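# Observations on chain architecture
Next come the chains, spelled out residue by residue.
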Amino acid sequence: MKKLSDEQIREFVEDWYDTKSVEDVFGLSSVVKDVRELLVDADEDTNREEALRVVDALLRRGMLAGTSPYHPEGYQPWADQNRDVVIRRIRSEWLQLGREPHLHEIVWFGPPE
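The structure presented is a predicted model; accordingly, all values stated were derived computationally and were not measured.

Analysis parameters
Residues numbered from 1 in each chain as written. Predicted model: local features only at pLDDT ≥ 70, side-chain atom pairs only at ≥ 80, totals over all residues. Heavy atoms only, no water. Helix = DSSP H or I, 4+ residues; strand = E, 2+ residues; numbered from the N terminus. Buried < 20%, exposed > 50% of the residue type's maximum accessible area, 1.4 Å probe, protein only. Phe/Tyr/Trp six-rings, centres within 6.5 Å; stacked < 30°, edge-to-face > 60°. Lys NZ or Arg CZ within 6 Å of the ring centre and 35° of its normal. Pairing = 2+ DSSP bridges. Core = buried A, V, L, I, M, F, W, Y, C linked by side-chain atoms within 4.5 Å. Expected span 1.5 Å × (residues − 1). Axes fitted to C-alpha atoms, helices over the stretch in contact; angles between N-to-C directions. Parallel < 35°, antiparallel > 145°, perpendicular 65-115°, else oblique. Left-handed = near helix turned anticlockwise from the far one by under 90°. Contact = heavy atoms within 4.5 Å. Nonpolar A, V, L, I, M, F, W, Y, C, P; charged D, E, K, R; others polar.

A positive phi angle, near 75°, is found at Ile106, a position not held by glycine. On the secondary structure map, Ile106 appears in the loop between helix H4 (83–97) and strand E3 (108–110). Given the relative accessible area of 17%, Ile106 is considered buried.

Right under this line is the structure:
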């Protein structure tokens with residue numbers, strides 16, 4: 001199984017954290033797209049699990065999981081920001097979709113409060 005190296009994850013998180021998250025929110029679909037580009041020949045399960053590793057690293061860095069900014073109330077951090085709970089929720093909703101999430105689906109990430 002092809003995986004991202006710890007260095008790739010660190011660089012990925014620094015890029016997202018430093019360039020996008022400081023003033024903006026971004027969706028899981030953006031993370032998935034970037035992971036897919038790095039793991040060109042990986043299968044769907046590998047892409048999902050590697051994207052979740054990146055999400056875990058983002059959450060460790062202080063990013064907040066929340067609703068889509070396209071939601072009627074806009075981006076709102078989820079009430080429970082426990083990393084394990086967030087990862088389980090994302091994995092569960094992703095598996096229920098049965099495909100990679102689109103722009104507005106599952107979760108968005110915002111800067112620490």
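So that's the structure; there's more coming.
Moving on, we come to the packing of aromatic side chains. For the coordinates displayed, the defined rule picks out 2 aromatic pairs. Centroid distance Tyr70 to Trp108: 5.8 Å. Interplanar angle 75°. Geometry classified as edge-to-face. Here the residue Tyr70 occupies a position in the loop between strand E2 (64–66) and H4, and Trp108 occupies one in strand E3, the gap between them amounting to 38 residues. In this structure Tyr70 comes out as exposed when scored by relative accessible area, which is 58%. Residue placement shows Arg89 over the ring face of Trp78; its charged tip is 3.5 Å from the ring centre.

The subject of this paragraph is the sheet that holds E2. The sheet built from 3 strands is open, its strands ordered E1-E3-E2 with antiparallel pairing. Strands at the two margins of the open sheet, each flanked by one partner only, are strand E1 (26–27) and E2.

Taken as a class, soluble globular proteins show a tendency for nonpolar side chains to be buried jointly. Leu28, Val31, Val54, Ile90, Val107 and Phe109 are the most contacted members of the largest nonpolar core, which totals 28 residues. Of all the secondary structure elements, the ones that give two or more residues to this core are helix H1 (6–21), helix H2 (28–38), helix H3 (44–60) and H4. With 7 residues, the single largest contributor to this core is H3.

All right, on to H3 then. In a regular helix each residue adds 1.5 Å, so 17 residues correspond to 24 Å; H3 covers 24 Å between its end C-alpha atoms and thus fits that length. Within H3, burial applies to Thr46, Asn47, Arg48, Glu50, Ala51, Leu52, Val54, Val55, Asp56, Ala57, Leu58 and Leu59. Directly beyond the C-terminal end of H3, a positive phi value near 110° is found at Gly62.

Close contact between H2 and H3 brings their axes to 9 Å; oriented N to C, the two are set at 120°. Between H2 and H3, the crossing angle belongs to the class labelled oblique. In this structure, H2 meets H3 at a crossing whose hand is right-handed. In this structure, H2 contributes Leu28, Val31, Val32, Val35 and Arg36 to the contact, and H3 contributes Asn47, Glu50, Ala51, Val54, Val55 and Leu58. Here the contact of H2 with H3 is composed, by residue class, of 8 nonpolar, 1 polar and 2 charged.

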